[in-house]
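Geometric and topological summary
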Amino acid sequence: MAVHADLRLIAHDEDGIDLAFRADVLRGLGERQKAVPARWLYDLAGSRLFEDITRQPEYYPTTTETRLLEANGAEIGRLTGSDLAVVEFGSGSSNKTPLLLREVAAAAYVPVDISGEFLRQSTGALAGLFPDLAIIPLEADFLRTVELPASVRDLSFLGFFPGSTIGNLVPRRAVDLLRSMRETLGEGSHLLIGIDCLKEIDRLIAAYDDAQGVTAEFNLNLLRRINRELGGDIPVGRFRHLARWNADWRRIEMHLEAREDIDFTVWGRSFAMRRGETIHTENSHKYTPDQARLLLHAAGWTPLRMWSDPSDDFLLALAGATEERSAP
Ligand code: AVI
């Protein structure tokens with residue numbers, strides 16, 4: 001299930017309206033370039049659609065990263081040593097976790113997620129697979145520094161952040177997040193992170209606009225959610241999904257484009273869009289290996305080893321939190 005659920009704030013008013021969702025939507029639709037933060041794509045229907053996206057032939061990241069973990073798990077295990085606590089950020093219901101836990105000498109697994117529901121799902125299944133592993137779920141917002149449970153403090157930490165979710169943040173926020181992971185895990189820890197690579201634009205567009213139309217449904221589901229949860233009357237059928245390459249930022253952007261002039265209301269507020277105008281819903285930044293290295297360094301992580309598939313589509317990086325040197 002999608003990691004973005006961990007970015008959710010779950011304050012509700014007396015009618016059960018998610019106040020942060022309402023605030024983000026009303027503010028975002030009022031901007032010149034309309035935009036709604038990507039985390040709101042992941043309600044239950046959106047999370048299911050995302051799972052479906054990962055099975056589309058055009059969406060290479062999931063299968064490629066899984067293969068990289070399968071092929072290099074033993075080496076990752078050797079490099080990270082023994083007596084490990086694997087700390088997974090935004091664990092959701094990641095299918096990749098068992099692959100890693102099988103290869104590294106993990107004494108404990110600490111999934112960190114803001115959603116207790118996701119934590120219950122992931123830990124329930126894993127407990128059956130790894131009966132001897134101490135599983136200590138932590139309900140917390142990993143965008144900030146998290147205090148790890150006292151029971152694992154004597155272990156070494158391996159942070160796990162798969163799926164190239166880092167790409168959904170603008171580089172500045174990505175560095176902030178990596179830095180707070182470093183603070184959470186501390187000096188001497190490791191981080192294993194999946195990062196999607198820059199490649200031919202056609203392939204990127206196809207990955208975010210699959211032939212089955214699953215990504216289109218995933219994107220359009222946001223409008224359905226707004227209608228349902230915020231009393232909107234957006235004519236969903238008059239929008240289309242758009243995956244667009246932004247060369248300056250080196251990212252795929254998802255937008256919802258008005259096919260004609262449209263007027264609608266959300267929470268009693270009126271909005272108008274001209275034909276061709278869009279609502280920006282997600283960014284997915286793509287990095288070269290050099291840029292990925294720089295991103296890690298910028299946040300205090302020293303890249304130790306990078307694994308990539310033969311086409312260099314995706315990379316898995318192992319980095320270490322080593323002492324910072326203050327002088328050249
Ligand atoms: C979750 N995240 C890494 C996905 C990505 O590739 O940026 C989200 C996604 N959006 C459309 N397809 C996949």
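Residues numbered from 1 in each chain as written. Predicted model: local features only at pLDDT ≥ 70, side-chain atom pairs only at ≥ 80, totals over all residues. Heavy atoms only, no water.

Examining the site of the ligand
Close to the ligand lie 15 residues; Tyr59, Asn168, Tyr208, Glu282 and Ser284 are nearest. Between the ligand and Tyr59 there is a distance of 2.5 Å, counted from an oxygen atom to a side-chain nitrogen or oxygen. Residue Glu282 places a side-chain N or O atom 2.6 Å away from a nitrogen atom belonging to the ligand. Starting from 340 Å² of accessible surface for the ligand in isolation, the protein chains cover 97%. The set of elements that each furnish at least two residues to the shell around the ligand consists of α2 (44-53), α8 (214-229) and β12 (278-285). In the shell around the ligand, the residues fall into seven nonpolar, seven polar and one charged. (Near = heavy atom within 4 Å. Polar contact = N/O pair within 3.5 Å; in protein donor to acceptor, adjacent residues only side chain to side chain. Areas by Shrake-Rupley, 256 points an atom, 1.4 Å probe, with all protein chains shown as cover. Helix = DSSP H or I, 4+ residues; strand = E, 2+ residues; numbered from the N terminus. Nonpolar A, V, L, I, M, F, W, Y, C, P; charged D, E, K, R; others polar.)

Section: the packing of aromatic side chains
Aromatic ring pairs are described here by two measures, namely the spacing of the ring centres and the angle between the planes. With the rule as written, the count across this model stands at ten aromatic pairs. Measuring from ring centre to ring centre gives 5.3 Å for Tyr42 and Phe218, while their planes differ by 65 degrees; the resulting arrangement is edge-to-face. Of this pair, Tyr42 sits in the loop between β1 (34-35) and α2 while Phe218 is found in helix α8, placing the two residues 176 residues apart along the sequence. Under the relative-accessibility criterion, Tyr42 is labelled buried at 4%. On the accessibility criterion, Phe218 (1% relative accessible area) is buried. A ring pair is formed by Phe50 and Phe218, whose centres lie 6.2 Å apart and whose planes are at 45 degrees; its orientation type is tilted. Of the two residues, Phe50 is situated in helix α2 and Phe218 in helix α8; the sequence distance between them amounts to 168 residues. The lysine or arginine in question, Arg225, covers the ring of Phe21, its NZ or CZ lying 4.5 Å from the ring centre. (Phe/Tyr/Trp six-rings, centres within 6.5 Å; stacked < 30°, edge-to-face > 60°. Buried < 20%, exposed > 50% of the residue type's maximum accessible area, 1.4 Å probe, protein only. Lys NZ or Arg CZ within 6 Å of the ring centre and 35° of its normal.)

Remarks on the confidence of the model for the protein chain
Per-residue confidence for the protein chain gives a mean pLDDT of 92; residues scoring 70 or more make up 94%. Considering only residues more than four positions removed or in separate chains, one finds that residues 1-10, a stretch of pLDDT under 50, has 38 contacts. (pLDDT = per-residue confidence, 0-100. Contact = heavy atoms within 4.5 Å.)

Details of the pairing of strand β9 (residues 251-258)
Among the eight residues in β9, eight count as buried, and that is most of the element. Burial of β9 is two-sided: the residues Arg251, Glu253, His255 and Glu257 facing one way and the residues Ile252, Met254, Leu256 and Ala258 facing the other way are all buried. Note: strand β8 (residues 239-246) against β9, eight bridges, orientation antiparallel. Counterpart to Asn246 in the pairing with β9 is Arg251. In this structure, the hairpin formed by β8 and β9 is closed by a connection of four residues, where Arg250 is found at a positive phi of approximately 50 degrees. One ladder, built from seven bridges, connects β9 with β12; its direction is antiparallel. Paired with Leu256 across the strands is Ile279, a residue of β12. (Pairing = 2+ DSSP bridges.)

A word on the pattern of salt bridges
In total, this model carries 22 salt bridges according to the counting rule given. Between Arg55 and Asp52 there is a salt bridge, with its nearest N and O atoms 3.7 Å apart. Take Arg55: its relative accessible area is 58%, and that puts it in the exposed class. A salt bridge links Glu200 to Arg203; its shortest N-O distance comes to 4.0 Å. Relative accessible area serves as the criterion here: at 30%, Arg203 is assigned to the partly exposed category. (Salt bridge = Lys/Arg side-chain N within 4 Å of Asp/Glu carboxyl O.)

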